Amino acid sequence: MELLGIDVGGTGIKGGIVDAERGELAGERFRLDTPHPATPESVTETVARVVQHFNWKAPVGAGFPAVVRRGMVETAANIDAGWIGRKVESMFQEATGCDFSVRNDADVAGLAEMRYGAGRGCDGVVLLLTLGTGIGSALFNGGRLVPNTEFGHIEMDGRSAERRAADSVRTRKKLSWKKWAKRVDDYLHRLDFYLWPDLIIIGGGVSRKHESFLPLLTVKTKVVPAMLRNDAGIVGAACASLGQLQLPTH
Ligand code: BGC
């Protein structure tokens, strides 16, 4: 079965047709820059252009970088504040004529990793963290998701953890791998202390460079890189279009 998934990010809005049996892109992805300012109207228009590109007429799933409850955006840490309170699902639906399921971006990436990637077959407590512009989290127990966890915002040294340990901080402050890994390590120790996961999966673009920082971590819990890398957002979003966010992990 082929499904369309769209990943709405801070810098790009990416779409791709996904082969749901294999959990892979079935063709080229299509990317447009996220408009600036990324207001609800301009982002909706860009999402509609992505849907048009694929000439898609069936349901669509999208990952969105905020808390999304019952189709409504509830937070705006790394997106335009104008999104708060907006019904993102109905907006995308009206602009495209397609049914939309919109979920938190890390939740859908986690879903893809649990179904097809690094979390496959893991029945315990799994925590996926996406280290990117911000930090997104997805928490699973026995393959079931607790939606909209926001562990990127636990407080560390008086500020949101994502302001210390996101990958964007590493690049902006030109931190060495060692310095940044120490920040990530402190953060993982905190999460470990509260959540006691069996497995931590590190996603986001930086997971491609996992050799540079995973070996420097001292946390006891097993930490592995995401397997779907940058595609997890699109693949997981596509799965969300089925309306099943609690997919079996095997
Ligand atoms: C947001 C999360 C999102 C994460 C990654 C955070 O700032 O609060 O909802 O999942 O960034 O985009």
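Starting from 1, residues in each chain are numbered consecutively following that chain's sequence as written. Since the coordinates come from a predicted model, pLDDT governs what is reported: local features require at least 70, and pairs of side-chain atoms require 80 or more to be given and counted, while whole-chain, interface and lining totals use all residues. Calculation of side-chain values draws on the structure's entire complement of heavy atoms; hydrogens and water are dropped beforehand.

A. The arrangement of the side chain of Ser42 in detail. Secondary structure elements follow DSSP: runs of H or I of four or more residues count as helices, runs of E of two or more count as strands, with numbering from the N terminus. Structurally, the position occupied by Ser42 is in helix α1 (residues 40-53). At 2.9 Å, the side chain of Ser42 and the side chain of Thr39 are in polar contact. What makes two residues a contact is simply this: any of their non-hydrogen atoms within 4.5 Å. Excluding anything up to four places from it in sequence, Ser42 contacts Pro35 and Pro37. Any pair of nitrogen or oxygen atoms within 3.5 Å is treated as a polar contact; in protein, a donor-acceptor pairing is required on top of that, and neighbouring residues in sequence qualify only through side-chain atoms on both sides.

B. Broad picture of the site of the ligand. Close contacts around the ligand come from Pro65, Ala66, Val67, Ala77, Asn78, Asn104, Asp105, Ile135, Gly136, Glu150, His153 and Glu162, and that covers them all. Between an oxygen atom of the ligand and a side-chain N or O atom of Glu150, the distance comes to 2.5 Å. Within the side chain of His153, a nitrogen or oxygen atom sits 2.8 Å from an oxygen atom of the ligand. All residues other than Ala, Val, Leu, Ile, Met, Phe, Trp, Tyr, Cys, Pro, Asp, Glu, Lys and Arg, Gly among them, are scored as polar; the first ten of these are nonpolar and the last four charged. Residue composition of the shell around the ligand, by class: 5 nonpolar, 4 polar and 3 charged. The domain boundaries here were taken from an automatic or database domain assignment. Here the shell around the ligand spans two domains, since at least three of its residues come from each of domain 1 (2-107 + 231-240) and domain 2 (121-228). Residues are counted as near a molecule or strand when any one of their heavy atoms sits within 4 Å of it.

C. Summary view of the pattern of salt bridges. Any Lys or Arg side-chain nitrogen located within 4 Å of an Asp or Glu carboxyl oxygen qualifies as a salt bridge. Taken as a whole and judged by the stated rule, the model has 10 salt bridges. When the shortest N-O distance is used, the salt bridge between Arg170 and Asp167 registers 2.7 Å. With Arg170 and Asp167 both in helix α5 (residues 167-172), this residue pair falls 3 residues apart, about one helical turn. On the accessibility criterion, Asp167 (13% relative accessible area) is buried. Where salt bridges share partners, they join Asp19, Arg22 and Glu24 into one cluster. Buried, partly exposed and exposed residues are distinguished by accessible area as a fraction of the type maximum, computed with a 1.4 Å probe on protein chains only: under 20%, between the cut-offs, and over 50%, respectively.

D. Layout of the environment of Asp231. As for its position among the elements, Asp231 is in the loop between β15 (222-225) and α7 (232-240). For Asp231, a relative accessible area of 27% translates into the label partly exposed. Those residues in contact with Asp231 that sit more than four places away from it in its chain are Leu25 and Arg29.

E. Quick look at the sheet that holds strand β10 (residues 135-141). By the convention used here, strands pair only if DSSP detects at least 2 bridges between them. Taken in spatial order, the 5 strands line up as β11-β10-β9-β14-β15 in an open sheet, and their pairing is mixed. The open sheet terminates on both sides in strands that have one partner only, identified here as β11 (144-146) and β15. With direction set aside, neighbouring strand axes in the sheet form an average angle of 25 degrees. Pairing of β10 with β11 involves 3 bridges; the strand directions are antiparallel. The partner of Leu139 across the bridge, within β11, is Val146. Geometry is summarised by axes, namely lines fitted to C-alpha atoms with helices restricted to the contacting stretch, and by angles between N-to-C directions that run from 0 to 180 degrees. Its contacts with the sheet put helix α3 (residues 105-116) on β9 (125-131), β10, β11 and β14 (199-203), and the angle it makes with β10 is roughly 50 degrees. Of the strands in this sheet, β9, β10, β14 and β15 are in contact with helix α6 (residues 177-195), which crosses β9 at around 150 degrees.

F. Just the environment of Glu89, in detail. Along the chain, the position of Glu89 falls in helix α2 (residues 88-96). Taking the C-alpha atoms as reference points, Glu89 and Thr46, 43 residues apart in sequence, are found 14 Å from one another.

G. Spatial organisation of the pairing of strand β5 (residues 60-64). When you tally the buried positions in β5, you get 5 out of 5 residues, the bulk of the element. One ladder, built from 4 bridges, connects strand β1 (residues 2-8) with β5; its direction is parallel. Each bridged residue has a counterpart across the sheet, and for Gly5 the counterpart in β5 is Gly61. Pairing geometry for β5 and strand β8 (residues 100-104), over 5 bridges, is parallel. Its bridge partner being in β8, Phe64 is matched across the sheet by Asn104.

H. Spotlight on the domain arrangement of the chain. Per the domain assignment, the segments making up the chain are domain 1 (2-107 + 231-240) and domain 2 (121-228). For domain 1 versus domain 2, the distance between C-alpha centres works out to 23 Å. Taken together, the contact between domain 1 and domain 2 spans 13 residues of the former and 17 residues of the latter. Once two parts are brought into contact, the accessible area they lose, counted with a 1.4 Å probe and summed over both, makes up the buried area. The largest share of the area that domain 1 buries against domain 2 comes from Asn78, Ala106 and Asp107, three residues that together contribute 50% of it. At the boundary of domain 1 and domain 2, one finds 0 salt bridges. Those elements giving two or more residues to the side of domain 1 that touches domain 2 turn out to be β6 (68-69), α3 and α7. Class assignment of the residues belonging to the side of domain 1 that touches domain 2 gives a composition of 7 nonpolar, 3 polar and 3 charged.

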